[in-house]
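A look at the structure
Residue strings, one per chain:
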Amino acid sequence: MTEDGRGAHHVQSLERGLAVIRAFGADTPELTLSDVARATGLTRAAARRFLLTLVDLGYVRTDGKYFALTARVLELGYAYLSGQALPELALPHLERLSEQVGESSSVSVLDGTDVVYVSRVAVSRIMTVSITVGTRFPAHATSMGHVLLAGLDEAELDAYLAAATLDRLTSRTITTGTDLRAALARVRVQGWALVDQELEEGLRSVAAPIRDRRGRVVAAVNVSSHASRTTLEAARRDLVPPLLAAAARIEADLSMTPAAREHG
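Residues numbered from 1 in each chain as written. Predicted model: local features only at pLDDT ≥ 70, side-chain atom pairs only at ≥ 80, totals over all residues. Heavy atoms only, no water.

A closer look at the overall build of the protein chain
Spelled out, the test is: Each helix corresponds to a stretch of at least 4 residues labelled H or I by DSSP, and each strand to a stretch of at least 2 residues labelled E; elements are numbered beginning at the N terminus. The classification of residues rests on relative accessible area computed with a 1.4 Å probe and restricted to protein chains. Under 20% of the type maximum is buried, over 50% is exposed, and intermediate values are partly exposed. Should any heavy atoms of two residues lie within 4.5 Å, those residues are considered in contact. Using the Shrake-Rupley algorithm and a 1.4 Å probe, accessible areas are obtained, with residue cover drawn only from the displayed protein chains.
Helix and strand content of the protein chain: 10 helices and 9 strands. Put simply, the protein chain has 264 residues, and 45% of those count as buried. Restricting to contacts in the protein chain with at least 6 residues of sequence separation, those with at least 24 account for 57%. For the protein chain, the accessible area works out to roughly 14200 Å², and carbon and sulfur atoms hold 53% of it.

Okay, here's the thing in structure tokens:
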């Protein structure tokens, strides 16, 4: 074990290379060498070596001053998605759900302190940011996050709260561990979550868990709507029943995948 608690197997150069890729984002699509060094904590010389290696491999392009990711980085995400049954099998159920309720629907999984979208059917854009497969949001402020966190055991939830920063994104965002635990307890009892304008003003969403054959929560499915057209009462009455039905259908299909049968 190294001094920082990592095993002897830890390859620091790989960690740094991935940090360089993660330095780019929706708000930072193009970065200079200095930008990358600052964002990653690397020296300029080290950042330059990693960037030029990524250029050689085709993951980054440069005009000599600015660097940007290429479409080839999508292969890294698709390698994960192609090995998962969930995104593909959930899609027709999301399409049916969105057609039923006239709203956008999505499936996400928990990754660290964020939810990550793995499948989505968009009916209309109701957020200031575009949501696509791979989009991440903090779990504490989303309905799918509440469902996924409610599925954790106590030790896992303790670890999440130790790592998470419960930032206030709107005036309604839950920002304390005590309040979040109380919200998650309600989710466990009722079997679904409703989040009212905690991620963004005007956005309401409901979510339900997707469980594997062993009953573990492995993903969440949601329906999101603008508060101007869906009251809280209407969300409970009109969105939750078809949402739960869709979750059940996804679970049924998931249980029939070869991997599920093999490990069930």
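Now that the structure has been shown, we can carry on.
Side note on the pairing of strand β8 (residues 203–211)
Inclusion rule: Strands pair, by our definition, only if DSSP identifies at least two bridges between them.
Of all 9 residues in β8, 8 are buried; the element is thus mostly enclosed. Hairpin connection between β8 and strand β9 (residues 217–226): a loop of 5 residues separates the two successive antiparallel strands, and Gly215 in this loop has a positive phi of roughly 85 degrees.

Brief notes about the packing of helix α5 (residues 86–101) against helix α9 (residues 232–255)
What counts, and what does not: Only the stretch in contact is used when a helix axis is fitted, and all axes are lines through C-alpha atoms; the angle between N-to-C directions ranges over 0 to 180 degrees. For this classification, under 35 degrees means roughly parallel, over 145 means roughly antiparallel, 65 to 115 means roughly perpendicular, and everything else is oblique. Definitions for this section: a left-handed crossing has its near helix turned counterclockwise from the far helix by less than a right angle. A right-handed crossing has that turn clockwise. When residue character is reported, Ala, Val, Leu, Ile, Met, Phe, Trp, Tyr, Cys and Pro are called nonpolar, Asp, Glu, Lys and Arg charged, and the others, Gly included, polar.
Running from amino to carboxyl end, α5 crosses α9 at an angle of 155 degrees, the nearest separation of the two axes being 10 Å. The angle between α5 and α9 falls in the class roughly antiparallel. In terms of crossing hand, the pair formed by α5 and α9 is right-handed. Every residue of α9 that contacts α5 at Leu86, Leu89, Ala90, His93, Arg96, Leu97, Gln100 and Val101 is listed here: Asp238, Leu239, Pro242, Leu243, Ala246, Arg249, Ile250, Asp253 and Leu254. Residues belonging to the contact of α5 with α9 are distributed by class as follows: 11 nonpolar, 2 polar and 4 charged.

Digging into the packing of aromatic side chains
Stated precisely, the cut-off is as follows: Centre distance within 6.5 Å is the pairing criterion for rings of Phe, Tyr and Trp, where only the six-membered ring of Trp is used; planes under 30 degrees apart are then read as stacked, over 60 as edge-to-face, and the remainder as tilted. Placement of a positive charge over a ring is assigned whenever Lys NZ or Arg CZ falls within 6 Å of the ring centre and within 35 degrees of the normal to the ring plane.
The full count for this structure, using the stated rule, is 1 aromatic pair. Here Tyr117 and Phe137 contribute two aromatic rings whose centre-to-centre distance is 5.9 Å and whose plane-to-plane angle is 80 degrees, an arrangement assigned as edge-to-face. Here Tyr117 is found in strand β5 (residues 114–121), whereas its partner Phe137 is found in strand β6 (residues 136–138), with 20 residues between them in sequence. In terms of burial, Tyr117 and Phe137 fall into one category: buried. Against the face of Tyr59 rests Arg72, its NZ or CZ located 5.4 Å from the ring centre.

A few points about the confidence of the model for the protein chain
Filter applied, for reference: Known as pLDDT, the predictor's confidence for each residue is given on a scale from 0 to 100.
In this model, the protein chain carries a mean pLDDT of 88, and residues with pLDDT of at least 70 account for 89%. A low-confidence stretch, residues 260–264 stays under pLDDT 50, and its non-local contacts, those more than four residues away or across chains, total 8 contacts.

What about the pairing of β9?
β9 sits mainly inside the fold: 7 of its 10 residues count as buried. Where strand β4 (residues 104–111) meets β9, 5 bridges bridge the pair, whose relative direction is antiparallel. Note on β9: the bridge partner recorded for Ser105 is Val223. One ladder, built from 9 bridges, connects β8 with β9; its direction is antiparallel. Bridge pairing in β9 links Ala207 to Asn222.

Notes on the nonpolar core
Keep this limit in mind: Residue types Ala, Val, Leu, Ile, Met, Phe, Trp, Tyr and Cys, when buried and joined through side-chain atoms within 4.5 Å, form a set referred to as a nonpolar core.
Core analysis: the biggest nonpolar cluster contains 27 residues, and Leu149, Tyr160 and Leu180 have the highest contact counts within it. At the level of elements, β5, α6 (143–150), α7 (154–163), α8 (177–190) and β8 are the ones that each hand at least two residues to this core. For this core, the element with the most residues is α6, which contributes 5 residues. Other than its neighbours up to four places away in sequence, Leu180 contacts His140, His146, Leu149, Tyr160, Leu161, Leu166 and Ile174. Among the nonpolar cores identified, the runner-up in size contains 25 residues, and Leu97, Ala235, Ala247 and Leu254 belong to it.

Focus on the environment of Ala246
Tracing the sequence through the fold places Ala246 in helix α9. Owing to a relative accessible area of 1%, Ala246 belongs among the buried residues under this scheme. For the pair formed by Ala246 and Leu94, sequence separation is 152 residues and the distance between their alpha carbons is 7.4 Å.

Re helix α2 (residues 33–40)
Quick note on the threshold: The arc in question is traced by the directions running from the helix axis to the C-beta atoms.
Every buried residue of α2 is accounted for by Leu33, Val36 and Ala37. The arc that holds the buried residues of α2, viewed along the axis, is 100 degrees, so those residues lie on one side. Along α2, exposed side chains directed more than 90 degrees from the buried face belong to Arg38 and Ala39. At the C-terminal side of α2, Gly41 shows a positive phi close to 80 degrees.

Comments concerning the environment of Ala207
Mapped onto the elements of the fold, Ala207 is located in strand β8. Classification of Ala207 by relative accessible area gives buried; the value is 0%. The spatial distance from the C-alpha of Ala207 to the C-alpha of Ala193 is 5.2 Å, given a sequence separation of 14 residues. Excluding residues within four positions of it along the chain, Ala207 makes contact with Ser143, Met144, Val147, Trp192, Ala193, Val221, Asn222 and Leu243.

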